[in-house]
Amino acid sequence: MGDPHLMWEAIRQLLANLPVGMISEEHIKETPTRVTKAFEEYFAGCYQDPNEVLTKGFPSEGYDEMVYVNNIAFVSFCAHHLIPFIGKVHFGYIPKKRIVGLSKIPRLVECYARRPQVQEQMTQQIVDTFQTMIEPHGCGVVIEAFHLCMAIRGVKKEGAYTRTTAIRGCFTRPEVKSEFLDGVNKNREAGLWP
């Protein structure tokens, strides 16, 4: 992750510019090291190739109905303010020739979430990578997230959440899109959404 010493020094200078006496020196003397390590974890996706997550697949064996993986929890960081946004990804696809292990979809989500990000772009990245690598009949993603940059600063609207959608291939057909979105919405109605 770049030069960790530069990040460490930037954090040290930030803390040094706070008013004297605001925070005990004992509490912040190791903060630059802790923050540097935390940022390496938060942004680990910057150093991962999302295509590699989907390199292994399996023959679909003729299965051509919708596959859902819903309620994939994630934490990402708003690229504008470096403040977390937290939510769930709902994903569906209709296989053509290949299926993937179900754990690959949350791994793909995690790869994109672990970057400074905007939700709209993350939504498109997930669906486009899957569509390109797996070549299903179609796929779709719905992301619902709470943005702390909107809750704790600016307009300060704590309960608002953002929903983004991206669909590709046969999911653009009204009946398939409706089946996908109905499945996502029923999942929420069933109490599976916290």
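Everything that follows concerns the structure shown earlier in this document.
What you see is a predicted model; the values in this text were computed from it and never measured.

1. A short note on unusual backbone geometry
Right, on to step 1. Of note in this structure, Asn-71 is not a glycine but carries a positive phi near 60 degrees.
Right, on to step 2. Mapped onto the elements of the fold, Asn-71 is located in strand E2 (residues 67-78).
Right, on to step 3. The backbone phi angle of Leu-82 is positive, close to 55 degrees, even though this residue is not glycine.
Right, on to step 4. In this fold, Leu-82 is placed in the loop between E2 and strand E3 (84-94).

2. A look at the pairing of strand E6 (residues 138-147)
Walk down a regular strand and you will see the side chains alternate between the two sheet faces.
Right, on to step 1. Most of E6 sits inside the fold, with nine of its 10 residues counted as buried.
Right, on to step 2. When E3 meets E6, the two strands line up antiparallel, connected through 10 bridges. If you follow Gly-92 over to E6, its bridge partner there is Gly-140.
Right, on to step 3. Pairing analysis gives eight bridges linking E6 to strand E7 (residues 162-169), with the strands arranged antiparallel. Looking at E7, one finds that Ala-145 is bridged to Thr-162.

3. Some thoughts on the pattern of salt bridges
Right, on to step 1. Applying the stated criterion to the full structure yields six salt bridges.
Right, on to step 2. Two residues, Glu-110 and Arg-114, come together in a salt bridge whose shortest N-O distance is 2.8 Å.
Right, on to step 3. Given a relative accessible area of 31%, Glu-110 falls into the partly exposed group.
Right, on to step 4. The salt bridge involving Glu-144 is made with Arg-163; its shortest N-O contact spans 3.5 Å. In this pair, Glu-144 sits in strand E6 while Arg-163 sits in strand E7, placing the two residues 19 residues apart along the sequence.
Right, on to step 5. We classify Glu-144 as buried; its relative accessible area is 0%.
Right, on to step 6. For Arg-163, a relative accessible area of 33% corresponds to the partly exposed category.

4. A short note on the sheet that holds E2
Right, on to step 1. In spatial order, the strands read E5-E2-E3-E6-E7; together these five strands make up an open sheet with mixed pairing. Because the sheet does not close on itself, it has two edges, and the strands there are strand E5 (116-117) and E7.
Right, on to step 2. Helix H5 (residues 104-113) contacts E2, E3 and E5 of the sheet and is inclined by roughly 15 degrees relative to E2.

5. A closer look at the packing of H5 against helix H6 (residues 119-134)
Describing two packed helices takes the angle between their axes plus the distance from one axis to the other.
Right, on to step 1. At a minimum axis distance of 10 Å, the contact between H5 and H6 shows a crossing angle of 135 degrees. Looking at the two axes, H5 sits oblique to H6. In the crossing of H5 with H6, the sense of the turn from one axis to the other is right-handed. The segment H5 lies against H6, with Ile-105, Leu-108, Val-109, Tyr-112 and Ala-113 engaging Met-122, Gln-125, Ile-126, Thr-129 and Phe-130.
Right, on to step 2. When grouped by side-chain class, the residues that make up the contact of H5 with H6 number eight nonpolar, two polar and no charged.

6. Some thoughts on a negative patch on the surface
Right, on to step 1. A cluster of acidic side chains, namely Asp-64, Glu-65, Glu-179 and Asp-182, defines a negative patch on the protein surface.
Right, on to step 2. With respect to the secondary-structure elements, Asp-182 resides in helix H8 (residues 174-192).

Quick notes on the rules
Residues numbered from 1 in each chain as written. Predicted model: local features only at pLDDT ≥ 70, side-chain atom pairs only at ≥ 80, totals over all residues. Heavy atoms only, no water. Helix = DSSP H or I, 4+ residues; strand = E, 2+ residues; numbered from the N terminus. Buried < 20%, exposed > 50% of the residue type's maximum accessible area, 1.4 Å probe, protein only. Pairing = 2+ DSSP bridges. Salt bridge = Lys/Arg side-chain N within 4 Å of Asp/Glu carboxyl O. Contact = heavy atoms within 4.5 Å. Axes fitted to C-alpha atoms, helices over the stretch in contact; angles between N-to-C directions. Parallel < 35°, antiparallel > 145°, perpendicular 65-115°, else oblique. Left-handed = near helix turned anticlockwise from the far one by under 90°. Nonpolar A, V, L, I, M, F, W, Y, C, P; charged D, E, K, R; others polar. Patch = residues over 30% accessible without salt bridge, like charges linked within 9 Å, V, L, I, M, F, W, Y side chains within 5 Å. Areas by Shrake-Rupley, 256 points an atom, 1.4 Å probe, with all protein chains shown as cover. Lys, Arg positive; Asp, Glu negative; His and termini not counted. Charge placed at Lys NZ, Arg CZ, Asp CG, Glu CD.

Don't take any of this as a statement about function, it's just geometry.
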